Amino acid sequence: MVTVDTGYAESMTDAPLWSFLGPAGTFTEMALRQVAPLNVELDPCQDVPTALDRVRSRAAEAAVVPMENSVEGGVNATLDNLVASTPLVITAEMAVPITFVLAGRPGTRLEDVTGISTHPHAWAQCRGWVHHNLPEARYVAGTSTSAPAQALANGEEAGYQAVLCNALAAQTYGLEVIAGGVADNPDAVTRFVKVTRPGRVGEPSGADKTTLMVQLPHNHSGALLNMLEQFSARGVNLSRIESRPVGDSLGRYRFSLDIEGHVREERVQAAFIGLHRTCPMVRFLGSYPRLDARPVTVLAGTSDKDFVVARSWVADVLEGRAL
Ligand SMILES: O=C(O)C(=O)Cc1ccccc1
């Protein structure tokens, strides 16, 4: 029997499948390209929960989703879904500078535009520009920046003549740029994360970040202060903290946090132990290298060595070797 190796079947089976907020041409796809292997197979999804569920169900190896924007803050769909069902962990973070073009079908002029569609985070970054240049234009929410671009190109849009998307998406879908460099804040950056199923935690790089979600005890005065003290007492710096409503009644919140450090470091573990003792829910959502690779500052008395030496002193006390 002669077997002809086309190489095709092999690449179909060996190429890792990564889900992401699609369709083709989103900012999320640009972030994915920064870290994905060259032979990655793309699995565009219509929303963040679907992309994350593809990893949970083992259909995809990894997902890339937006996490935080320098203008609009946390992406709630991501923050909430990461703790909503089977746990997932963040293994990498990426940043993409965000500027938009206003694009329409060829021949569309600015004065033809009475409706604009895009992702809500994109709209938040362009509101001022639209208010200035198209004060009468109505906003039509899109599931991403490229979904309405695709719909417009296919003649399937409803209620808009233009989209705010990235220049690459406009090109991909054969749209014409009506206005370029659209953004209220030209330096806006969005942070994206790569998410996988949990496994054994890797080694620290020395410049790491850890993400977690913590629920505070209800109706407990000083609960937030107690939570923050778990970090400050061990010299652990916070780089993001956001409250998210739990959802079942008013007044109940969880806190989504990024801290500087890795869960394999003693001071981070000591803070984790303190949180676990005092908070009804603590979810570890990953330790991963920081985007800026800036080494974490470890305060005097909080290094791994300091913890090891202190623990061995306690052991000596217990054995009657130290007084
Ligand atoms: O819709 C996209 O292209 C996304 O990747 C989500 C998004 C939208 C706006 C700013 C940053 C990310």
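Residues numbered from 1 in each chain as written. Predicted model: local features only at pLDDT ≥ 70, side-chain atom pairs only at ≥ 80, totals over all residues. Heavy atoms only, no water.

(A) View of the sheet that holds strand β9 (residues 162-165). One open sheet accounts for 5 strands, arranged β8-β7-β9-β6-β10; its pairing is mixed. The open sheet terminates on both sides in strands that have one partner only, identified here as β8 (138-141) and β10 (176-182). Ignoring strand direction, the axes of neighbouring strands in this sheet form an average angle of 25°. Pairing analysis gives 4 bridges linking strand β6 (residues 100-104) to β10, with the strands arranged antiparallel. Within β10, the position partnered with Gly104 by the bridge is Glu176. Strand contacts of helix α5 (residues 120-133): β6, β7 (115-118), β8, β9 and β10, with the helix running at about 145° to β7, the strand carrying the most contacts. (Pairing = 2+ DSSP bridges. Helix = DSSP H or I, 4+ residues; strand = E, 2+ residues; numbered from the N terminus. Axes fitted to C-alpha atoms, helices over the stretch in contact; angles between N-to-C directions. Contact = heavy atoms within 4.5 Å.)

(B) How the structure looks around the UniProt feature "domain: Prephenate dehydratase" (unreviewed entry) in the chain. As recorded in UniProt, the feature "domain: Prephenate dehydratase" (unreviewed entry) lies at residues 17-197. Taken end to end, residues 17-197 comprises 29% helix and 34% strand; its first and last C-alpha atoms sit 14 Å apart. (UniProt positions renumbered as here; feature names shortened; annotations may be inferred.)

(C) How the structure looks around the site of the ligand. Taken together, 13 residues lie near the ligand, and Thr26, Phe27, Thr28, Ser144 and Thr145 sit nearest. Here an oxygen atom of the ligand and a side-chain polar atom of Thr145 are 2.5 Å apart. Contact with the protein chains covers 99% of the free accessible surface of the ligand, which is 310 Å². For the shell around the ligand, the secondary structure elements donating two or more residues are α2 (27-35), α5 and β11 (189-196). Of the residues forming the shell around the ligand, the biggest block, 3 residues, is contributed by α5. Classifying every residue of the shell around the ligand by side-chain character gives 5 nonpolar, 8 polar and no charged. Two domains share the shell around the ligand, each providing at least three of its residues, namely domain 1 (1-96 + 191-200) and domain 2 (101-180). (Near = heavy atom within 4 Å. Polar contact = N/O pair within 3.5 Å; in protein donor to acceptor, adjacent residues only side chain to side chain. Areas by Shrake-Rupley, 256 points an atom, 1.4 Å probe, with all protein chains shown as cover. Nonpolar A, V, L, I, M, F, W, Y, C, P; charged D, E, K, R; others polar. Domains from an automatic or database assignment.)

(D) Structural view of α5. Taking 1.5 Å of rise per residue, the 14 residues of α5 would be expected to cover 20 Å, and the 19 Å separating its terminal C-alpha atoms lies within 8% of that figure. Along its length, α5 shows its largest kink, about 60°, at Cys126. Among the residues of α5, His121, Ala122, Trp123, Ala124, Gln125, Cys126, Trp129 and Val130 are the ones counted as buried. (Expected span 1.5 Å × (residues − 1). Bend = angle between axes of the 7 residues up to and from the residue. Buried < 20%, exposed > 50% of the residue type's maximum accessible area, 1.4 Å probe, protein only.)

(E) Looking closely at a nonpolar patch on the surface. Together, Trp313, Val314, Val317 and Leu318 make up an exposed nonpolar region whose accessible area comes to about 410 Å². Tracing the backbone through its elements, the reader meets Val317 in helix α10 (residues 304-318). (Patch = residues over 30% accessible without salt bridge, like charges linked within 9 Å, V, L, I, M, F, W, Y side chains within 5 Å. Salt bridge = Lys/Arg side-chain N within 4 Å of Asp/Glu carboxyl O.)

(F) Layout of the sheet that holds strand β15 (residues 281-289). Strands sit in the order β13-β14-β12-β15 across an open sheet of 4 strands; the sheet is antiparallel. In this open sheet, the two edge strands, each paired with only one partner strand, are β13 (238-245) and β15. Taken over all neighbouring pairs, the strand axes of this sheet differ in orientation by 15° on average, direction set aside. Pairing geometry for strand β12 (residues 208-215) and strand β14 (residues 253-260), over 7 bridges, is antiparallel.

(G) Spotlight on the nonpolar core. Judged by nonpolar contacts, the single largest core of 29 residues is most densely connected at Val64, Phe100, Leu102, Ile116, Val130, Leu134 and Leu164. The set of elements that each furnish at least two residues to this core consists of β1 (17-21), α2, β3 (62-69), β5 (89-97), β6, α5, β9 and β10. Here this core gets 5 residues from one element, more than from any other, and that element is α5. Here this core spans two domains, and each of domain 1 (1-96 + 191-200) and domain 2 (101-180) adds at least three residues to it. Excluding its chain neighbours within four sequence positions, the residues that come into contact with Ile116 are Leu102, Trp123, Val130, Leu134, Ala137, Arg138, Tyr139, Val140, Tyr160, Ala162, Val163 and Leu164. (Core = buried A, V, L, I, M, F, W, Y, C linked by side-chain atoms within 4.5 Å.)

(H) Expanded view of the packing of helix α9 (residues 266-278) against α10. For the pair α9 and α10, interaxial distance at closest approach is 8 Å and the crossing angle is 65°. Regarding the angle of α9 to α10, the classification is roughly perpendicular. Of α10, the residues touching α9 (which contributes Glu266, Arg267 and Ala270) are Asp304, Phe307, Val308 and Arg311. Among the residues forming the contact of α9 with α10, the class breakdown is 3 nonpolar, no polar and 4 charged. (Parallel < 35°, antiparallel > 145°, perpendicular 65-115°, else oblique.)

(I) Molecular detail of the UniProt feature "site: Essential for prephenate dehydratase activity" (unreviewed entry) in the chain. Using the residue numbers shown here, the UniProt feature "site: Essential for prephenate dehydratase activity" (unreviewed entry) corresponds to Thr190. Its place among the elements puts Thr190 in strand β11. With a relative accessible area of 6%, Thr190 lands in the buried category. Beyond its immediate stretch of four places on either side in the chain, Thr190 contacts Pro66, Glu68, Asn69, Met94, Ala95, Val96, Ile98 and Gln125. Reaching out from Thr190, the side chain makes a polar contact with the side chain of Asn69 at a distance of 2.5 Å.

(J) Structural context of the packing of aromatic side chains. Following the criterion strictly, the structure yields 3 aromatic pairs and no others. Seen in terms of ring centroids, Phe27 and Phe100 are 5.4 Å apart; in terms of plane orientation they differ by 75°. Their pairing is edge-to-face. Of the two residues, Phe27 is situated in helix α2 and Phe100 in strand β6; the sequence distance between them amounts to 73 residues. Each member of the pair Phe27 and Phe100 is classed as buried. Plain terms: the ring middles of Trp123 and Tyr139 are 4.4 Å apart, the flat faces sit at 10° to each other, and that makes the pair stacked. With Trp123 in helix α5 and Tyr139 in strand β8, the pair connects residues that are 16 residues apart, well separated along the chain. We classify Tyr139 as partly exposed; its relative accessible area is 28%. (Phe/Tyr/Trp six-rings, centres within 6.5 Å; stacked < 30°, edge-to-face > 60°.)

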